[in-house]
Amino acid sequence: MGLAVAVPILLQSRFPEKPTAIAKHAFDTINDLPDGSRVLLAFDFDPASEPELGPMASSLTRHAAMRGYKMYFITLWPFGTQMLTDKIREVILADFPQLVEGTDWVNLGFQAGNEAIMTQAKSDFKRTFPRDVRGIAVAQIPMMDEIRTTRDFACLIAVSAGYPGGKEWVQYVVTPERGSATPLKAVVGCTGVQTPQLFPYYPGQLDGLIGAIKGAAEYETLVNAEAERRTPGAPVPAKYLEAVRRMGPQMVAHVLMVSLIVLGNVIYFVGRRRGVNA
Amino acid sequence: MKRLIPLWIAAIAGFTVIASNFIPPAMGMSDLVTEMFSVLAAVAYVLGAASIAKVHLSKLSARRPGWGYSIVTLFCFTATLVVGLLKVAVPPGPRSPDLAFSGSYSEPGGALWWIYEYAISPITATLFALLAFYVASAAFRAFRAKNLEAALLLGTAFIILLGRTAAGGYLTGWFPEEISGLRLENFSIYIMQVFNTAGNRAIIIGIALGVAATSLRILLGIDRSYLGSGD
């Protein structure tokens, strides 16, 4: 298994990704928001899941920045603060220096309380997140003037590795608003383990679902195509090809696992036949 | 009294939150309850930290097996706490570049950031990556088509494993358009959207009913197991 993962990494093996309808749906949901929309980005994951979720968090941040949305970053995971800081540095500060902190984006950091924070944010967002990650009161942050509750966001973009995460956001914040005139749209990116648990909410309560590194690779391909459409001929930085790159080792590892299962069964059936014949 | 007060707190808080869904004026009370919950959740982190310290200090003082690991745990715990609280080596924030300590505790370049970047992040990622070896080992030893159910599970695993990578495209991408639904990448999505969704919805509904019943038992004081066994 070590070799199956290491060799494609060392050889930089990349395989083409053809975006599926689900990935396109997630992309269109975000892409079709009105100009200047306010999007809430909840990055509920930690370093353990970063290899799987990091690339999709980058793509989603890049897509929102590219479209010029106002971005509000939050996390309900203690280590999520670093995830937010990393993605802001990697995407916004590096490639969108024209975006101003406090006007175009704000990092509101971590709050403890899981679902309680979600329900609180639903009724009073500023009381739930009273300061940004630097300790600046939200009253002094211009883009917070427009926010009272989660209803003031056009879309929730949640990247989650478990509890609390995408499922809870859908259950406690998105679903109750589903019947309103301007329902909160929601796109969730999650780990492979979580994907089957979120499928029951798609597409009724969830407008987009990006499942694991495969979904991230498809979404990344779509965002890169959009970037190419906006600035033709511009080279794609390596950091925006991470998900596609990580699919290489995943493919070889999956093929190895299938081979091991087949081999294990051959040995099992041969052994059983011999046992029966004896 | 030690059991009666928590019972009443649980009942009042729980019924307030339920009532707020049906009686709009109760929303304010519900917000207060959830706010109190958030405060408790924050305090729980402090209690958790104190509990870790207590457990490892007692292990250390009693020289129980593995006490050496407790020293490492306590050292790392204390170092991280001190470094974070005192904002060790944190550069000034961009809004106040002339003021020391104006940067965030997790500002890049600070000691806490360094611990996160070069210790916590690689360690947790490495531990998670070890799963690949366990899965490979389990795939060889445990997945056996011993009966029809196991064979179905194996078949589904094959489709999902191959359909979620480019291998699916290489193997079945040549299927004509009329049967494109049988291409592994499409078939894996079909399995997830139909069979998986049906099964998961049944589980979700079952869990929801169970949670509702258990919650009512707790709020009405019938189930008191969460209070512990002592007086």
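Placed above this text is the structure.
Everything numeric here is computed off the predicted structure, so don't read it as measured data.

> So what exactly am I meant to see when it comes to the overall build of chain B here?
Of the regular secondary structure elements, chain B holds 8 helices and 0 strands. Secondary structure elements of chain B, listed N to C terminal, follow the sequence α-α-α-α-α-α-α-α. In terms of overall size, chain B is more extended than a compact globule, its C-alpha atoms giving a radius of gyration of 27 Å where 231 residues would be expected to give roughly 17 Å. Across its three principal axes, chain B shows a C-alpha extent of roughly 65 × 50 × 50 Å. Across the 231 residues that make up chain B, the buried fraction comes to 27%. Considering only intrachain contacts with a sequence separation of at least 6, the fraction spanning at least 24 residues in chain B is 31%. Roughly 15100 Å² of accessible area belongs to chain B as shown, and the carbon and sulfur atoms make up 75% of that amount. The distance from the centre of the 16 positive side-chain charges to the centre of the 11 negative ones in chain B is 16 Å.

> Whenever I open this one, the sheet that holds strand β5 (residues 185-190) of chain A confuses me. Can you help?
Pairing between the strands of a sheet is mediated by backbone hydrogen bonds and can be parallel or antiparallel. Residue and element names in this part refer to chain A. In spatial order, the strands read β3-β2-β1-β4-β5-β6; together these 6 strands make up an open sheet with parallel pairing. For this open sheet the edge positions go to β3 (105-110) and β6 (208-211), each flanked by a neighbour on one side alone. Geometrically, the sheet is characterised by an average inter-axis angle of 15° between neighbouring strands, direction not taken into account. As judged from the 4 bridges shared by strand β2 (residues 70-75) and β3, these two strands associate in the parallel manner. Residue pairing across strands places Thr75 opposite Phe110, the latter belonging to β3. In this fold helix α7 (residues 166-174) packs onto β1 (38-44), β2, β4 (155-160) and β5, with an angle of close to 150° to the strand it touches most, β4.

> Would you take a moment to explain the interface of chain B and chain A for this structure?
The figure often quoted for interface size is the accessible area lost as the parts come together. If you look at the interface, chain B gives 52 residues, while chain A gives 56 residues. When chain B packs against chain A, close to 4900 Å² is buried across both sides, 66% of that on carbon and sulfur atoms. Of all residues in chain B, B:Arg95, B:Tyr116 and B:Arg164 bury the most surface against chain A, accounting for 14% of the area lost on that side. On inspection of chain B and its partner chain A, the count reaches 1 salt bridge.

> Looking at this structure, how should I read a nonpolar patch on the surface?
Residue and element names in this part refer to chain B. Together, Ile123, Leu127, Phe128, Leu130, Leu131, Phe133, Tyr134 and Val135 give the surface a local cluster of nonpolar side chains, amounting to about 780 Å² of exposed area. Of all the secondary structure elements, the ones that give two or more residues to the nonpolar patch are α4 (111-129) and α5 (131-141). Residue contributions to the nonpolar patch peak at 4 residues, all from α5. Within the secondary structure layout, Tyr134 lies in helix α5. Residue class for Tyr134 comes out exposed when judged on its relative accessible area of 59%.

Procedures and definitions
Residues numbered from 1 in each chain as written. Chains lettered and ligands numbered in written order. Predicted model: local features only at pLDDT ≥ 70, side-chain atom pairs only at ≥ 80, totals over all residues. Heavy atoms only, no water. Helix = DSSP H or I, 4+ residues; strand = E, 2+ residues; numbered from the N terminus. Rg over C-alpha atoms; globule rule 2.2 N^0.38 Å. Buried < 20%, exposed > 50% of the residue type's maximum accessible area, 1.4 Å probe, protein only. Contact = heavy atoms within 4.5 Å. Areas by Shrake-Rupley, 256 points an atom, 1.4 Å probe, with all protein chains shown as cover. Lys, Arg positive; Asp, Glu negative; His and termini not counted. Charge placed at Lys NZ, Arg CZ, Asp CG, Glu CD. Pairing = 2+ DSSP bridges. Axes fitted to C-alpha atoms, helices over the stretch in contact; angles between N-to-C directions. Buried area = accessible area lost by both parts, 1.4 Å probe. Salt bridge = Lys/Arg side-chain N within 4 Å of Asp/Glu carboxyl O. Patch = residues over 30% accessible without salt bridge, like charges linked within 9 Å, V, L, I, M, F, W, Y side chains within 5 Å.

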